[in-house]
Amino acid sequence: MSRNEKLDCLKKLQVILQKKFILEDKIKSIPANLKAEETLLASAREKYQNLSDFYESLQNEQKSLAIRYDDAFNKRSEYEKQMEFINTQREFEALTKQLEEARISEQSFLKLRDSKTNELERVRTELEAQKSELDTLEEKVREEKSKVDSEIAGITDEISTLDAECEAIKGDKISDDLYEKFSNIVKKKDGFGIVPVYGQVCTGCDLILPVQFVIDLELKSEKGEIEYCPYCSRIIYKETLDEDVERSYTFEQLESQKGEGKSVSQEESVSSESDNYDESMGMDEEFEDF
Ligand SMILES: [Zn+2]
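Only a predicted model underlies this, so the values are computations on that prediction, with no experimental measurement involved.

What follows is about the overall build of the protein. Scanning the protein from N- to C-terminus turns up seven helices and four strands. The order of α-helices and β-strands along the protein, N terminus first, is α-α-α-α-β-β-α-β-β-α-α. Relative to its full complement of 290 residues, the protein shows a buried share of 37%. Intrachain contacts of the protein at a sequence separation of at least 6 include 74% that bridge at least 24 residues.

Okay, structure coming up:
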């Protein structure tokens, strides 16, 4: 265990930050159900609107057919009344023809009107069913939304508590800059922002560090300085194990990397790995400030 207070602080912070980032991920995944239901609701709304427009146009058509039927009815009745007042055979024949045409027209509008009325009735039933489906979905989304909101509020509270815990541990031992940088590393490196070096091996990336680097690392740790793995950018500290264990640890890594044909420059070098040493971690700054 390192005697460096800063390192101990960071190790404690790491445990809390891990919990915090799990909660943050949870917040992101919660609204998934809600989004699916909102999509359903949107398409139900659209369907209802289209059906409603169609119903309205049918109503207009039905109204217009009803008026035309009434006209045809009145016309036929008029001709029938006129029948009582005709005097000549010629008048009788002409009126009979007009009356026959009026009857045909009346019948045809009656048929059209009734068929439109039936269609209107059918669409009205469909519209009502669609409305009730829409209401059900709206209610469901409302409920889901309030559930999601309260769930998120609960997790946000938990996160605030963890932030406060971090703040208490951090105190004035860790600068705001270092805390922010470390927090980013923990987030980006799957929860592990500070790892021990066994022998010459960084246990974060399993790569072998140069001998002199490890010697300097021990000195820096004693002086309370922070050092980063040049390959995976995690904060590292030397953890002294039994000498034989350390030697065999390094040897094993060396063998396994040879076996995999893996070398530092190909596998996890500073320039080739995309998530290494980015600006957000501020790795290009001087570390002595912390
Ligand atoms: Zn490393």
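Let's pick the thread back up.
If you look at soluble globular proteins, the nonpolar side chains tend to sit buried side by side. In this structure, Leu-10, Leu-13, Phe-182 and Ile-235 are the most contacted members of the largest nonpolar core, which totals 39 residues. Sorting the residues of this core by element identifies helix H1 (5–29), helix H2 (32–83), helix H3 (89–170), helix H4 (176–188) and strand S4 (235–238) as the ones contributing at least two each. It is H3 that contributes the most residues to this core, twelve residues altogether. Split by domain, the residues of this core number at least three in each of domain 1 (31–168) and domain 2 (175–281). Ranked by size, the runner-up nonpolar core spans 13 residues in total, among them Val-197, Leu-209, Tyr-231 and Cys-232.

The next subject is the packing of aromatic side chains. Across all of its chains, the model carries one aromatic pair by this definition. Between Tyr-69 and Phe-73 the ring centres are 6.3 Å apart and the planes differ by 45°, which places this aromatic pair in the tilted class. Within this pair, Tyr-69 and its partner Phe-73 are both found in helix H2, separated by four residues, close to a single helical turn. Residue classification places Tyr-69 among the buried residues on the basis of a relative accessible area of 13%.

Okay, a nonpolar patch on the surface next. On the surface, Val-211, Ile-215 and Leu-219 cluster together to form a nonpolar patch covering roughly 260 Å² of accessible area. Mapped onto the secondary structure, Val-211 falls in helix H5 (residues 211–222).

Once that is clear, we can look at the side chain of Glu-239. Its place among the elements puts Glu-239 in the loop between S4 and helix H6 (243–259). Despite its burial, Glu-239 pairs with no opposite charge; the closest candidate is Lys-11, at 4.9 Å N-O. Aside from chain neighbours lying at most four places away, what touches Glu-239 is Pro-196, Val-197, Tyr-198 and Glu-246.

Our focus in this paragraph is the coordination of the zinc ion. For the zinc ion, the full set of protein donor atoms is Cys-202 (SG), Cys-205 (SG), Cys-229 (SG) and Cys-232 (SG), at a range of 2.3 Å. One can describe the donor arrangement at the zinc ion as tetrahedral, given that its four donor atoms subtend angles of 104 to 115° at the metal. Each donor residue of the zinc ion belongs to the same chain, and together they define the spacing C-x2-C-x23-C-x2-C. Cys-232 carries the same exposure label as Cys-229, and that label is buried.

We now examine the environment of Ile-86. Here Ile-86 is to be found in the loop between H2 and H3. The contact partners of Ile-86, leaving out residues within four places of it in the chain, are Glu-91, Phe-92 and Leu-95.

What follows concerns the packing of H2 against H3. As a packed pair, H2 and H3 sit with axes 5 Å apart at the nearest point and diverge in direction by 160°. The orientation of H2 with respect to H3, classified from their angle, is roughly antiparallel. Regarding H2 and H3, the two cross each other, and that crossing is left-handed. Tallied by class, the residues present in the contact of H2 with H3 amount to 30 nonpolar, ten polar and 20 charged.

Here we come to H1. For H1, with 25 residues, the first-to-last C-alpha span of 37 Å sits near the 36 Å given by 1.5 Å per residue. Residues of H1 that are buried make contact with H3, H4, strand S1 (194–198), H5 and S4.

So, about the pattern of salt bridges. One pass over the full model with this rule turns up 24 salt bridges. With a shortest N-O distance of 4.0 Å, Glu-37 and Lys-140 are connected by a salt bridge. Taken together, the residues Glu-37 in helix H2 and Lys-140 in helix H3 connect sequence positions 103 residues apart. One network of salt bridges, in which partners are shared, links Glu-61, Lys-116, Glu-119, Arg-122 and Glu-126.

Here we take up the side chain of Lys-116. Inspection of the secondary structure puts Lys-116 in helix H3. A polar contact of 2.6 Å, which involves the side chain of Lys-116, links it to the side chain of Glu-61.

Let's shift gears to the environment of Ser-57. For Ser-57, the position within the fold is in helix H2. Take Ser-57: its relative accessible area is 29%, and that puts it in the partly exposed class. C-alpha separation for the pair Ser-57 and Leu-120, spaced 63 residues apart in sequence, amounts to 9.6 Å.

Conventions we followed
- Residues numbered from 1 in each chain as written.
- Predicted model: local features only at pLDDT ≥ 70, side-chain atom pairs only at ≥ 80, totals over all residues.
- Heavy atoms only, no water.
- Helix = DSSP H or I, 4+ residues; strand = E, 2+ residues; numbered from the N terminus.
- Buried < 20%, exposed > 50% of the residue type's maximum accessible area, 1.4 Å probe, protein only.
- Contact = heavy atoms within 4.5 Å.
- Core = buried A, V, L, I, M, F, W, Y, C linked by side-chain atoms within 4.5 Å.
- Domains from an automatic or database assignment.
- Phe/Tyr/Trp six-rings, centres within 6.5 Å; stacked < 30°, edge-to-face > 60°.
- Patch = residues over 30% accessible without salt bridge, like charges linked within 9 Å, V, L, I, M, F, W, Y side chains within 5 Å.
- Areas by Shrake-Rupley, 256 points an atom, 1.4 Å probe, with all protein chains shown as cover.
- Salt bridge = Lys/Arg side-chain N within 4 Å of Asp/Glu carboxyl O.
- Lys, Arg positive; Asp, Glu negative; His and termini not counted.
- Donors = N, O, S within 2.8 Å, 3.2 Å for Na, K, Ca; no water.
- Tetrahedral: all angles 85-135°; square planar, octahedral: opposite > 155°, others 65-115°.
- Axes fitted to C-alpha atoms, helices over the stretch in contact; angles between N-to-C directions.
- Parallel < 35°, antiparallel > 145°, perpendicular 65-115°, else oblique.
- Left-handed = near helix turned anticlockwise from the far one by under 90°.
- Nonpolar A, V, L, I, M, F, W, Y, C, P; charged D, E, K, R; others polar.
- Expected span 1.5 Å × (residues − 1).
- Polar contact = N/O pair within 3.5 Å; in protein donor to acceptor, adjacent residues only side chain to side chain.

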